[in-house]
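A structural walkthrough
Residue-level listing of the chains:
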Amino acid sequence: MKQYFISTFGCQMNVYDSGRLAGLLAAKGWSPAGGNDKADFIFLNTCSIREKAAQKVISRLKGLKPLKKRNPDLIIGVGGCLAEQEGREFLGKVPFLSLITGPGRLAEIPEILETLDPRGPAVILTGQTPDSESAPEPCPAGGSAASALSSFITVMEGCDNFCAYCVVPYLRGREKSRPLKDILSEAESLISGGCREITLLGQNVNSYAPDGLDSKKGPAFVRLLKELDSYKELWRLRFTTSHPKDFPPELIGLFGDLRTLAPHLHLPLQSGSDRILKAMGRRYDRAGYLKTVTALRRAEPDLALSTDIIVGFPGEDERDLEMTLEMLAQVRFDSIYSFMYSDRPQTKAALMPGKVAETEKARRLGQVQNLQKAVTLEINESYAGRTVEVLVAGPGREKGQMSGRTGSLKTVNFPGSPDLCGRLVPVRIESGWTASLLGQLVS
Ligand code: SAH
Ligand code: SF4
Ligand code: F3S
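What comes next is a walk through the structure.

1. Describing the site of ligand 1
Around ligand 1 sit 15 residues, and of these Y165, Q203, Q270, D308 and S342 come closest. One of the backbone nitrogen or oxygen atoms of Q203 is found 2.8 Å away from a nitrogen atom of ligand 1. Between an oxygen atom of ligand 1 and a side-chain N or O atom of D308, the distance comes to 2.6 Å. Isolated, ligand 1 exposes 540 Å² of accessible area, and the fraction of that covered by the protein chains is 88%. Counting residues per element, the ones that place at least two in the shell around ligand 1 are β13 (304–311) and β14 (335–340).

2. A closer look at the packing of aromatic side chains
Aromatic ring pairs: the centre-centre distance and the angle between the two ring planes describe each pair. According to the stated counting rule, one finds nine aromatic pairs in the structure shown. Considering the side-chain rings of F162 and Y170, the 5.3 Å spacing of their centres and the 75 degrees angle between planes classify their relative orientation as edge-to-face. Take Y170: its relative accessible area is 30%, and that puts it in the partly exposed class. Here the aromatic cluster, defined as three or more aromatic residues joined through ring pairs, consists of W30, F41 and F43. Its end group placed over the ring of W235, R196 keeps NZ or CZ at 5.6 Å from the ring centre.

3. Some thoughts on the site of ligand 2
The environment of ligand 2 is formed by C159, N161, F162, C163, Y165, C166, V168, P169, Q203, H243 and R282. Split into classes, the residues belonging to the shell around ligand 2 amount to seven nonpolar, three polar and one charged.

4. Quick notes on the side chain of S271
The residue S271 is located in the loop between β12 (264–266) and α11 (274–280) in this model. Overall, S271 belongs to the buried group, its relative accessible area being 0%. At a separation of 3.0 Å, a polar atom in the side chain of S271 contacts the main-chain amide nitrogen of S273. Apart from the residues lying within four places of it in its own chain, the contact partners of S271 are I276, L277, M280 and T324.

5. Describing unusual backbone geometry
A cis amide bond, omega 10 degrees, links T240 with the succeeding residue T241. Among the structural elements, T241 can be located in the loop between β11 (236–240) and α10 (249–252). For Q270, which is not glycine, the phi torsion reads 75 degrees and is therefore positive. You can see Q270 is positioned in the loop between β12 and α11. Of note in the backbone geometry, L409 takes a positive phi value of approximately 75 degrees without being a glycine. Look at L409 and you get partly exposed, because its relative accessible area is 30%.

6. Points about the sheet that holds β13
The strand order across the open sheet built from three strands is β12-β13-β14, with neighbouring strands paired in parallel fashion. Of all the strands in the sheet, just β12 and β14 have a single pairing partner and so form its edges. For this sheet the average axis-to-axis angle between neighbouring strands, irrespective of direction, equals 15 degrees. Summarising the sheet, β12 and β13 pair through three bridges and their orientation is parallel. Across the sheet, L265 pairs through a bridge with L305, a residue of β13. Contacts from helix α14 (residues 358–381) reach β13 and β14, with the element oriented near 175 degrees to β14.

The rules behind these values
- Residues numbered from 1 in each chain as written.
- Chains lettered and ligands numbered in written order.
- Predicted model: local features only at pLDDT ≥ 70, side-chain atom pairs only at ≥ 80, totals over all residues.
- Heavy atoms only, no water.
- Near = heavy atom within 4 Å.
- Polar contact = N/O pair within 3.5 Å; in protein donor to acceptor, adjacent residues only side chain to side chain.
- Areas by Shrake-Rupley, 256 points an atom, 1.4 Å probe, with all protein chains shown as cover.
- Helix = DSSP H or I, 4+ residues; strand = E, 2+ residues; numbered from the N terminus.
- Phe/Tyr/Trp six-rings, centres within 6.5 Å; stacked < 30°, edge-to-face > 60°.
- Buried < 20%, exposed > 50% of the residue type's maximum accessible area, 1.4 Å probe, protein only.
- Lys NZ or Arg CZ within 6 Å of the ring centre and 35° of its normal.
- Nonpolar A, V, L, I, M, F, W, Y, C, P; charged D, E, K, R; others polar.
- Contact = heavy atoms within 4.5 Å.
- Pairing = 2+ DSSP bridges.
- Axes fitted to C-alpha atoms, helices over the stretch in contact; angles between N-to-C directions.

Quick look at the structure:
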């Protein structure tokens, strides 16, 4: 039996795509290898969101050269966003690649492998599929995600927003939504396989708009969430990512209302400065963002929020940074993902004046992260004494411990036995730390 090994970089959509590919390969008789050295086909699902992400992929690929030298019949392929960006150029950096496929061509891989000559020229498939308007195909039954307690489902892909710094719209193409019935049948098959927590994925899930769904009846995304909420065996529903400019009251109202909708939301702010937000092309301002947060917290007072912050966008100065820090202090996010701005090919920001030096970006990042660390710790410490529901996912950090997540997405470790796995249990929190909470099972 031929064996494959997939490494995944980048966002959750790549994780989902890697699972889809694993399912498609399994259907063609492939089995997973334990590592690169055992595989007949090595696939790297790549990311290009920042320069560093791209460099990481390239260096990982270069490390595979001895394997290919030893075994010329080994097939090494790349997919995902960096593959889409580089196309044929990838061979200039990594000449021993046999396969280069963009995210829109993933489903074609198993068939290509049947005829691909590992000693011959590389097969290069980028650009959207010929029927580029059609949405990504569902994960085949028996795919790697089929039995997981928590699973992803991509509901839409691509982005029409073209934020000035971001390369994603050029690599994932325009927004495409999957038909409602496809998503529901994928959810049904996951749930019947034991899945209890689903996270809906899309570059901007709130723009979910499949063909043939009447938009006069309210936002299609709201309808999708309500449909999923009706599955009794589903315990938790999450979604990511939402653009703050697209948060209709109908969607806000679902928090605290839908049984399954978990009290956590990732709402990327990027900057607290109106001037920078405008230059980024984000189409909301501080006041608009705060208004959405206030409405969300009114709907669900327990809502945990996370966000993305970019420091050192072209033209950002000390006052802009102050405003970002101020927003962090005001909103009090549970956690943030913060990044140094990085020039990306084709983007508007790459051509903007006022680039900030790397050392200065690093200093600003440090300031942002220090402030956030203190806020996160305060919030997590405030959990002490509360009893929370934990979806137990596996063994904890220390021996004899189990670990899982709260609805608010906090990791909780507690003494417990492996038979708790897959159950929703009450845990009384004793202490909170920056990355996790510690507690005792309530019997
Ligand atoms: N669709 C999502 C996520 C996009 S990528 C959204 O709209 O928010 C994830 C995060 O990477 C972004 O939110 C942004 O904070 C960061 N990012 C994107 N491009 C970047 C760049 N060129 N430099 C630094 N960070 C970037
Ligand atoms: Fe990138 Fe902006 Fe689209 Fe998010 S909304 S994927 S940051 S262009
Ligand atoms: Fe990276 Fe593409 Fe996701 S650039 S973050 S893998 S959409």
